[in-house]
Amino acid sequence: MLRLLGLSLASALVSIYLYQTGYSIQFIAFFWAIYYGFAAIVSLPMAALTAWIGPKHGILWANICFIPSMISFALLPVFGVWLLAVVVFFQGISTVLYTIAYTTDFSKIKSMEHAGKELGYMNMIEKVTLGLSPLVGGLMAFLLGPQAVLVLAAFIFLIAAVPLMRTAEPTQRYQKLKFGGFPWHLIRKTAAAKFAFGFDVFTSGNAWSLFVAVTIIGIQATNEVYAINGLLLSVVVFAALGSSYVYGRLIDRRRGWELLQVAVVVNALTHLTRPFIGTTVAAAGLNAVNEAATSGYAMAYNRGIFDNADLSGRRILYIGIGEVIACLGAAFSALFLGFLAMFFEEGRSLQLLFVLTAGVVLLILTARFPLYHK
């Protein structure tokens, strides 16, 4: 929860901050493409590190590695564009290491009978944090400037490391990744879906925040845009609380596959709607609908991933390979936006990406999990 607080304080405003600093959408898109490309490259090394030091220690070091990236973002207007290389390196390692370690940790300690309910509770905790922190961060950025929020986020990441020093490792340490005999069919049957998952992450996050800030709110010299954008993102907390509990119950009642199918279709429809959103009220409403849809397919999808991790017999390796594919999906989403921005004006390029993503997310329906097809 502390990590999510620090992460979402900053992530809701980073792309807007870059744009306000003077970088174009084309530049920002290619920056994120490089970032996610680097994350894909280091995913397997970070999986190997997680296997060796354990997931709890992986989360600990992931929190620490995020601090230099936040400080670099804050100092960007002073020292220039070269600091983005520092951001790519430290934030890329931190994000991938955390995702692999956290997923490994949760998949190891989950209950087989009530995993859906546990996913629901975790999703509620996460969404409350993700819902309220953009509002807090947006108001702080409005009053004190975005650099103050980035420094605060770095400090929170440091605090988030403290509780980890008082808990035990849930898995055996000093393991090594072994590719021999790995059940690759479990990867093949979910690879396209994992790619689409990553593609959706960039579009729904950075691309949508930029669209709202540039075309709906209007980025100006003042920091008002951060407060308004934070308020719009905070509506997800209301959409997540009730839906997460219901989704968890559906998954435990073996209705996860039906939930995934319906949620993916609704998510695709929200992407098709994005280009036509022109007011902050409409943007807030769409954020709520998209959050309900995204939580639905993500919870059902992750339940299948956890089951596959168990079946593979190589939990950390399976999760690491999945992270490579997801990062490639996000990188391609950013690349498409960068190339679109080369030929179309900024608002139009974002609209075209939303339409493209509506088709790409339907690939999630190609996932074949043994859990849902017994």
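These notes cover the structure that comes with them. If you're wondering where the values come from, they're calculated on a predicted model, not measured in any experiment. (Residues numbered from 1 in each chain as written. Predicted model: local features only at pLDDT ≥ 70, side-chain atom pairs only at ≥ 80, totals over all residues. Heavy atoms only, no water.)

Describing the overall build of the chain
The test is simple: By the criteria applied, helices consist of DSSP H or I runs no shorter than four residues and strands consist of E runs no shorter than two, each listed in order from the N terminus. Per-residue accessibility, obtained with a 1.4 Å probe over protein chains only, is compared with the maximum for each type, and a residue is labelled buried under 20%, exposed over 50%, and partly exposed between these values. Residue contacts are counted whenever heavy atoms from the two residues lie within 4.5 Å of one another. Note on areas: Shrake-Rupley, 1.4 Å probe, and residue coverage restricted to the protein chains presented here.
Summing up its helical and strand segments, the chain has 15 helices and zero strands in all. Expressed as a percentage of the 374 residues in the chain, the buried residues total 56%. Of the contacts formed within the chain by residues at least 6 apart in sequence, a portion of 87% connects residues at least 24 apart. Of the roughly 15300 Å² of accessible surface on the chain, a fraction of 70% belongs to carbon and sulfur atoms.

Observations regarding the environment of L259
With respect to the helices, strands and loops of the structure, L259 is situated in helix 12 (residues 256-273). With 42 residues separating them in the primary sequence, L259 and Y301 have C-alpha atoms 9.5 Å apart. Among residues more than four places away in sequence, those in contact with L259 are Y247, L250, I251, G296 and A300.

Describing helix 12
What counts is decided by this rule: A helix is expected to reach a length of 1.5 Å times the quantity of its residues less one. Here, the arc refers to the directions that run from the helix axis to the C-beta atoms.
Look at helix 12: 26 Å from first C-alpha to last across 18 residues, which is about the 26 Å you get at 1.5 Å a residue. Within the span of helix 12, buried status applies to G256, W257, L259, L260, A263, V264, N267, A268, T270 and H271. For helix 12, the buried positions fall inside an angular range of 160 degrees around the axis, keeping them on one side.

Side note on the packing of aromatic side chains
So the rule is basically this: Stacked, tilted and edge-to-face are the three classes applied to pairs of Phe, Tyr and Trp rings, where Trp contributes its six-membered ring and a pair requires centres within 6.5 Å; stacked means planes under 30 degrees apart, edge-to-face means over 60, and tilted covers the rest. Only lysine NZ and arginine CZ atoms are considered, and such an atom sits over a ring when it is within 6 Å of the ring centre and within 35 degrees of the ring normal.
Under the defined criterion, the tally for this structure stands at 23 aromatic pairs. Ring geometry for Y23 against F27: centres 4.7 Å apart, planes inclined by 20 degrees, an arrangement best described as stacked. The exposure class of F27 is partly exposed, given its relative accessible area of 32%. Three or more aromatic residues link up through ring pairs in this structure, and these residues are F31, W32, Y35, Y36, F73 and F202. We note R274 situated over the ring of F354; from NZ or CZ to the ring centre the distance is 5.8 Å.

Focus on unusual backbone geometry
At R254, a residue that is not glycine, the phi angle is positive and equals roughly 60 degrees. A relative accessible area of 65% places R254 in the exposed class.

Overview of helix 4 (residues 55-79)
In plain terms, the rule: At any given residue, the bend is defined as the angle formed between two axes, one fitted to the seven residues that end at that position and one fitted to the seven that begin there.
Taking 1.5 Å per residue, 25 residues should reach 36 Å; helix 4 reaches 35 Å between its end C-alpha atoms and fits that length. At F73, helix 4 is deflected by roughly 35 degrees, the largest bend along its length, and proline P77 occurs up to four residues later in sequence. Downstream of helix 4 by one or two residues, G80 has phi in the positive range, about 95 degrees.

Concerning the packing of helix 9 (residues 191-217) against helix 15 (residues 346-360)
In plain terms, the rule: Geometry is summarised by axes, namely lines fitted to C-alpha atoms with helices restricted to the contacting stretch, and by angles between N-to-C directions that run from 0 to 180 degrees. The labels follow the angle: roughly parallel below 35 degrees, roughly antiparallel above 145, roughly perpendicular from 65 to 115, and oblique for the rest. Rotating anticlockwise by less than a right angle from the far helix to the near helix defines a left-handed crossing, while the corresponding clockwise rotation defines a right-handed one. Three residue categories are used. Nonpolar comprises Ala, Val, Leu, Ile, Met, Phe, Trp, Tyr, Cys and Pro, charged comprises Asp, Glu, Lys and Arg, and polar comprises the others, including Gly.
Where helix 9 contacts helix 15, the two axes come as close as 10 Å, and the packing angle between them is 155 degrees. As judged from the angle between their axes, helix 9 and helix 15 are roughly antiparallel. As for how helix 9 packs across helix 15, the hand of that crossing is left-handed. Between helix 9, through A196, F199, D200, F202, T203, A207, W208, L210, F211, V214 and T215, and helix 15, the contact on the second element is made entirely by E346, G347, L350, Q351, L353, F354, L356, T357 and V360. Grouping the constituent residues of the contact of helix 9 with helix 15 by class yields 13 nonpolar, five polar and two charged.

Re the nonpolar core
In plain terms, the rule: The criterion is simple. A nonpolar core is a set of buried Ala, Val, Leu, Ile, Met, Phe, Trp, Tyr and Cys residues joined through side-chain atoms within 4.5 Å.
Counting 97 residues, the largest nonpolar core has L18, W32, F73, F202 and Y301 as the members making the most contacts within it. Setting aside anything within four residues of it in sequence, one finds Y301 in contact with T190, A193, K194, F197, L260, I364, A367 and F369.

Quick look at the pattern of salt bridges
Side-chain pairing between opposite charges can occur once the charged atoms of the two side chains come close. To keep things clear, this is the line we draw: A pairing counts as a salt bridge when a side-chain nitrogen of Lys or Arg comes within 4 Å of a carboxyl oxygen of Asp or Glu.
Enumeration over the complete set of coordinates arrives at two salt bridges. With a shortest N-O distance of 3.7 Å, E258 and R255 are connected by a salt bridge. With its nearest N and O atoms 2.7 Å apart, the salt bridge here joins D310 to R315.

Overview of the side chain of S69
The criterion, for reference: The definition of a polar contact used here is a pair of N or O atoms within 3.5 Å, where within protein one atom must be able to donate a hydrogen and the other to accept one, and adjacent residues in sequence count solely through side-chain atom pairs.
Inspection of the secondary structure puts S69 in helix 4. Separated by 2.6 Å, the side chain of S69 and the backbone oxygen of F66 make a polar contact. Discounting chain neighbours no more than four positions away, the residues touching S69 are V87, F90 and Q91.

Describing the side chain of S312
Along the chain, S312 falls in helix 13 (residues 280-312). Taking relative accessible area as the criterion, S312 reaches 9% and is therefore assigned buried. A distance of 2.9 Å separates a polar atom in the side chain of S312 from the backbone oxygen of A309. Only 3.1 Å separates the side chain of S312 from the backbone nitrogen of R314, close enough to count as a polar contact. When sequence neighbours within four positions are dropped, the list of residues in contact with S312 reads F182, P183, L186 and Y318.

Details of a nonpolar patch on the surface
For clarity, the cut-off: What makes a patch is a set of residues exposed beyond 30% relative accessible area and free of salt bridges, joined within 9 Å when like-charged and within 5 Å when nonpolar (Val, Leu, Ile, Met, Phe, Trp, Tyr).
Judged by side-chain polarity, I71, L75, V78, F79, W82 and V151 come together as a nonpolar surface patch covering roughly 580 Å² of accessible area. No other element matches the four residues that helix 4 contributes to the nonpolar patch. Secondary-structure assignment places I71 in helix 4.

Everything listed here is a matter of coordinates, which is why it stays silent on function.
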